[in-house]
Amino acid sequence: MSTDTTRKDADPVTTGTINPLALSVEERPGRGRGVFASAPIRAGTVLEVAPVLVLTKEQWEGGRMDDTVLGEYGFCWARGGMALGLGIASLFNHSSTPNVNFVRNFAAGTITFTTSRAVDTDEELCICYSADETKLWFLPNGERPRPATPSDDGDGLERLAALQLAPDDAEREAREDKERARETRRQAGGNTHSAKEARRAKWRAKQEKMRNGGNSEIVAPQPVAVASGSGLLSEPTSHRSQDSDRTVTSGSNTVFGQTETRADLPPPLHSDSNKLRSEVPAEVPPLLEWDEAGPSELPETQWGELRRARGPIEIEEEAEDDNSALIQVWALDASPGTLMKEVLDFTKKGVPLDERMRHLKRVRRITDEAGEERVLVALAMADTANEDELRALLSSYDERLGALPLVVVDTPRSAAKTTEQLAVRNTYWPVLYTPGVQRYSNARGFSGPKLAWVRAGIERVLADALAAKARGELPVAVYVTSPPESLYPQSDGFIPPTDGLRGAAADTRTSCDHPLRHGVLNAIASVARLRTVPPFSEITPSRNGADYLLTSMSLFVTHEPCVMCSMALLHSRVREVFFVFPRPRAGGFEGSFGVHSRRDLNHRFDAWRWTGPVDAEAYAIPDNVEI
Ligand SMILES: C[S@@+](CC[C@H](N)C(=O)[O-])C[C@H]1O[C@@H](n2cnc3c(N)ncnc32)[C@H](O)[C@@H]1O
């Protein structure tokens, strides 16, 4: 099978360069004219800023443009309109592995075409019309840009192999496709919807045929679109267009729908290289070796510490645990208490309750230094009203209240979660007592054996990561397991984990040439794989929620996982995660994300950072790489 994607063996009908970048327009069987590079072009080169002719939605649809040849050339535009690109804009053919990105500027009425990677001499320049190829109105065929290589400028993640048809097959397929396309259009009678349906059916049929051995090629999985830029909201359209899965985002109207496409992805996560999932052995890594006696034999300095990962909720909770955090409140001195009924009425009807005071009881009774009983009533936050305003409000409600003294008092900032907190806070002002599970910010709640077990998990991933590094991978490793039964938490809601289920993985984005082979995803995938084979496939879940991929399991990982992996952990219902190296720029736990403990998500888990002595240099990864 030839994978030659250059024009040297083609039969050019148009030669000669057409702009300073030495681009040429040439015709190819099965795909018509296309734009070609006559010299190497660097990544990020602007090929053209093409002016456009815009037709409104009404003009386009009223004129039934989709039924004309123009239907094949329109770019989706603002408010459902369609634009025809002048210059070479309309001659870029489609590829699911494009080497050209395009960005629309509605205000300027232009489309800018830029190379997304380095392009070789004679290579065809292609854009991606749609990340979802079932939405195309033709079967993509023939030449494609060559796959990106490691030497291309860019982030190195675009090195994805393009799948090719052999030239003879390609030509035959192209002829057949054209014929079928004509037939489809005749049958569809210009009805865009049914034409689309027919196109999809045809595409599915072709995929089926290829799967069944009609063609020895592997069928490329659905490409993944990575969209960037922001733009006007547009209504969904049934137009054929060179961006049929338009990016629809709100924001500035200068950039719209730039779509990069990664296609021809390697096999799914459960698989190994090109093997099918079912061919990959399902492996359970060995149990953690640990000393139940605990870490007592280790000098303190070698043991290290565990700190709860600090997302926004943990930061808020830390503030709540601080007994000295106070807020200032206006209180009415209602002593000796003869007007208490009127004062309490005023607190209910005369002044709105500030949310920040919900945890405060209304009334405080104290005995002053002279031995007199005093009754204070909390009215409002000191920062919301001054004394004159508050007195006027009291007077207008009941003149006698306006004559009572007002004082500013220090009160606790939040309710008490423990009896110790309650005792301290009540000395300032009586607060509500809302006991809950105490979430310590350090390992205070961990038993010695649990600490020893955690230590063993940390040691294991640190060693595995160095082994991965020696193999040429990133120095990242993951180990996921159930805690030993002796360490099961005593809480009522604890669901026992699936017995014997364990997974281990490294980050394999380097060896697999795939940007999504993060260690955590690989580990979850290996557990998923195990759950499909005996004995795990035969286990009936003990109760609702027991059969998520990582229900009640603990995961050790060298580096703080990225947001994507953190969400995958959340969806898998992991119970706790221990990591060593924080990733301030791209981590999903600490900083502003706090994926593990968000109140707006449907599962929360504990995330702990281990801070022991370790050769951080050996595990260093650039800040902007997501783990
Ligand atoms: C915007 S035009 C591109 C220029 C066109 N090839 C020409 O000769 O004018 C879109 C049309 O090009 C053809 N085309 C684009 N990409 C293709 C591909 N990958 N395989 C086959 N045909 C393609 C389809 O017929 C499509 O309707």
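None of the values given here were measured: they were computed from a predicted structure.

Basis of the calculations
Residues numbered from 1 in each chain as written. Predicted model: local features only at pLDDT ≥ 70, side-chain atom pairs only at ≥ 80, totals over all residues. Heavy atoms only, no water. Helix = DSSP H or I, 4+ residues; strand = E, 2+ residues; numbered from the N terminus. Buried < 20%, exposed > 50% of the residue type's maximum accessible area, 1.4 Å probe, protein only. Contact = heavy atoms within 4.5 Å. Areas by Shrake-Rupley, 256 points an atom, 1.4 Å probe, with all protein chains shown as cover. Near = heavy atom within 4 Å. Polar contact = N/O pair within 3.5 Å; in protein donor to acceptor, adjacent residues only side chain to side chain. Nonpolar A, V, L, I, M, F, W, Y, C, P; charged D, E, K, R; others polar. Pairing = 2+ DSSP bridges. Core = buried A, V, L, I, M, F, W, Y, C linked by side-chain atoms within 4.5 Å. pLDDT = per-residue confidence, 0-100. Salt bridge = Lys/Arg side-chain N within 4 Å of Asp/Glu carboxyl O. Axes fitted to C-alpha atoms, helices over the stretch in contact; angles between N-to-C directions. 1 Å grid on protein atoms, 1.4 Å probe; cavity = no way out; pocket = protein on both sides within 12 Å on 5 of 7 lines; lining within 4 Å. Points joined across faces, edges and corners; volume = space filled by probe spheres on them. Phe/Tyr/Trp six-rings, centres within 6.5 Å; stacked < 30°, edge-to-face > 60°. Expected span 1.5 Å × (residues − 1). Parallel < 35°, antiparallel > 145°, perpendicular 65-115°, else oblique. Left-handed = near helix turned anticlockwise from the far one by under 90°.

### So, the overall build of the protein
Along the backbone of the protein there are 13 helices and 21 strands. In the protein, which comprises 627 residues, the proportion classed as buried is 48%. Within the protein, contacts between residues at least 6 apart in sequence are counted, and of these 71% link residues at least 24 apart. Of the roughly 30000 Å² of accessible surface on the protein, 52% is carried by carbon and sulfur atoms.

### Quick notes on the site of the ligand
Lining the immediate environment of the ligand, one finds 18 residues, of which Arg31, Arg33, Glu72, Tyr73 and Asn93 sit closest. Within the backbone of His94, a nitrogen or oxygen atom sits 2.8 Å from a nitrogen atom of the ligand. A distance of 2.8 Å separates an oxygen atom of the ligand from a polar side-chain atom of Trp137. Within the complex, the protein chains bury 92% of what would otherwise be the 560 Å² of accessible surface of the ligand. Taken together, the residues that form the shell around the ligand break down as eight nonpolar, seven polar and three charged.

### Focus: the sheet that holds strand β1 (residues 23–28)
Spatial strand order, β1-β2-β9-β6: four strands in an open sheet with mixed pairing. At either margin of the open sheet sits one strand with a lone partner, and together these are β1 and β6 (93–94). Pairing of β1 with strand β2 (residues 32–37), which is carried by six bridges, proceeds in the antiparallel orientation. Paired with Val25 across the strands is Val35, a residue of β2.

### As for the nonpolar core
One finds Val520, Leu550, Leu555, Leu569, Val577 and Phe589 to be the most contacted residues of the largest nonpolar core, which totals 28 residues. Sorting the residues of this core by element identifies β17 (477–481), α12 (519–530), β19 (554–559), α13 (563–571) and β20 (576–581) as the ones contributing at least two each. In terms of residues, this core owes the most to one element, α12, which gives six residues. Contacts of Leu569, omitting those with residues within four sequence positions, involve Val520, Ile524, Leu550, Leu555, Pro561, Val574, Val577, Phe589 and Phe605. With 27 residues, the next largest nonpolar core counts Phe75, Ala89, Val100 and Val119 among its residues.

### Focus on the confidence of the model for the protein
Caution applies to low-pLDDT regions: their predicted coordinates should not be interpreted in detail. Of the residues in the protein, 72% reach a pLDDT of 70 or more, and the chain-wide mean stands at 78. Segment residues 1–15 is flagged for pLDDT under 50; beyond a separation of four residues in sequence, or across chains, it makes 35 contacts in the model. Counting interchain partners and residues more than four positions distant, the pLDDT-below-50 stretch residues 206–238 has 94 contacts.

### Here's the deal with the pattern of salt bridges
Taken as a whole and assessed by the stated rule, the structure comprises 28 salt bridges. Ionic pairing is found between Arg308 and Asp606, a salt bridge with its closest N-O pair at 2.8 Å. In this pair, Arg308 is assigned in strand β12 (residues 306–308) and Asp606 in strand β21 (residues 606–610), connecting sequence segments 298 residues apart. Residue Arg308 is classed as buried on the basis of its relative accessible area, which comes to 9%. Classification of Asp606 by relative accessible area gives partly exposed; the value is 23%. A salt bridge links Glu320 to Lys417, with the shortest nitrogen-to-oxygen separation between them at 3.9 Å. In this pair, Glu320 is assigned in helix α5 (residues 312–320) and Lys417 in the loop between β16 (406–412) and α9 (419–426), connecting sequence segments 97 residues apart. Among the charged side chains, a network of salt bridges with common partners joins Arg308, Glu314, Glu317, Arg439 and Asp606.

### Concerning the sheet that holds strand β7 (residues 100–105)
Spatial ordering of the open sheet is given by β4-β5-β3-β8-β7, a layout of five strands whose pairing is antiparallel. Across the chains shown, the open sheet's two edge strands, defined by having one partner strand only, are β4 (74–76) and β7. Neighbour-to-neighbour, the strand axes of this sheet turn through a mean angle of 35 degrees, independent of strand direction. Direction of pairing for β4 relative to strand β5 (residues 82–85): antiparallel, over a ladder of three bridges. Each residue of the ladder has a partner; that of Cys76, found in β5, is Met82.

### Here's the deal with the layout of surface pockets
In this structure, the largest pocket encloses a volume near 1000 Å³. Forming the boundary of the largest pocket are 34 residues, of which Val437, Pro489, Ser491, Arg575 and Asp606 lie nearest the centre. Looking at side-chain class alone, the lining of the largest pocket contains twelve nonpolar, 14 polar and eight charged residues.

### Considerations on the packing of aromatic side chains
Scanning the entire structure with this criterion turns up 17 aromatic pairs. Ring plane angle 80 degrees and centroid distance 5.9 Å describe the contact between Tyr129 and Phe138, whose orientation is recorded as edge-to-face. Residue classification places Tyr129 among the buried positions, given a relative accessible area of 6%. We classify Phe138 as partly exposed; its relative accessible area is 26%. Arranged with centres 6.4 Å apart and planes meeting at 85 degrees, the rings of Phe446 and Phe578 form a pair that is edge-to-face.

### A closer look at α12
Think of an α-helix as 3.6 residues a turn; residues three or four steps apart then line up on the same face. Relative to the 16 Å expected for twelve residues at 1.5 Å per residue, α12 spans 17 Å between its end C-alpha atoms, a close match to the ideal helical length. In terms of burial, α12 is a largely internal element, eleven of the twelve residues being buried. Those residues of α12 that fall on the buried side of the exposure criterion are Gly519, Val520, Leu521, Asn522, Ala523, Ile524, Ala525, Val527, Ala528, Arg529 and Leu530. Considering only its buried residues, α12 is in contact with β17, β18 (503–506), β19 and α13.

### Here we look at the side chain of Glu473
Here Glu473 shows up in the loop between α10 (448–470) and β17. A distance of 2.5 Å separates a polar atom in the side chain of Glu473 from a polar atom in the side chain of Ser511. Apart from the residues within four sequence positions on either side, Glu473 is in contact with Ala468, Asp507, Thr508, Arg509, Thr510 and Ser511.

### Observations concerning the environment of Glu485
Here Glu485 is to be found in the loop between β17 and β18. Residue classification places Glu485 among the exposed residues on the basis of a relative accessible area of 66%.

### Comments concerning the packing of α12 against α13
Contact geometry of α12 with α13 gives a least axis separation of 9 Å together with a crossing angle of 25 degrees. Compared by their axis directions, α12 and α13 come out roughly parallel. Viewed along their axes, α12 and α13 form a crossing whose handedness is left-handed. Facing α12, whose interface residues are Val520, Leu521 and Ile524, α13 presents Met564, Cys565, Ala568 and Leu569. Looking at side-chain class alone, the contact of α12 with α13 contains seven nonpolar, no polar and no charged residues.

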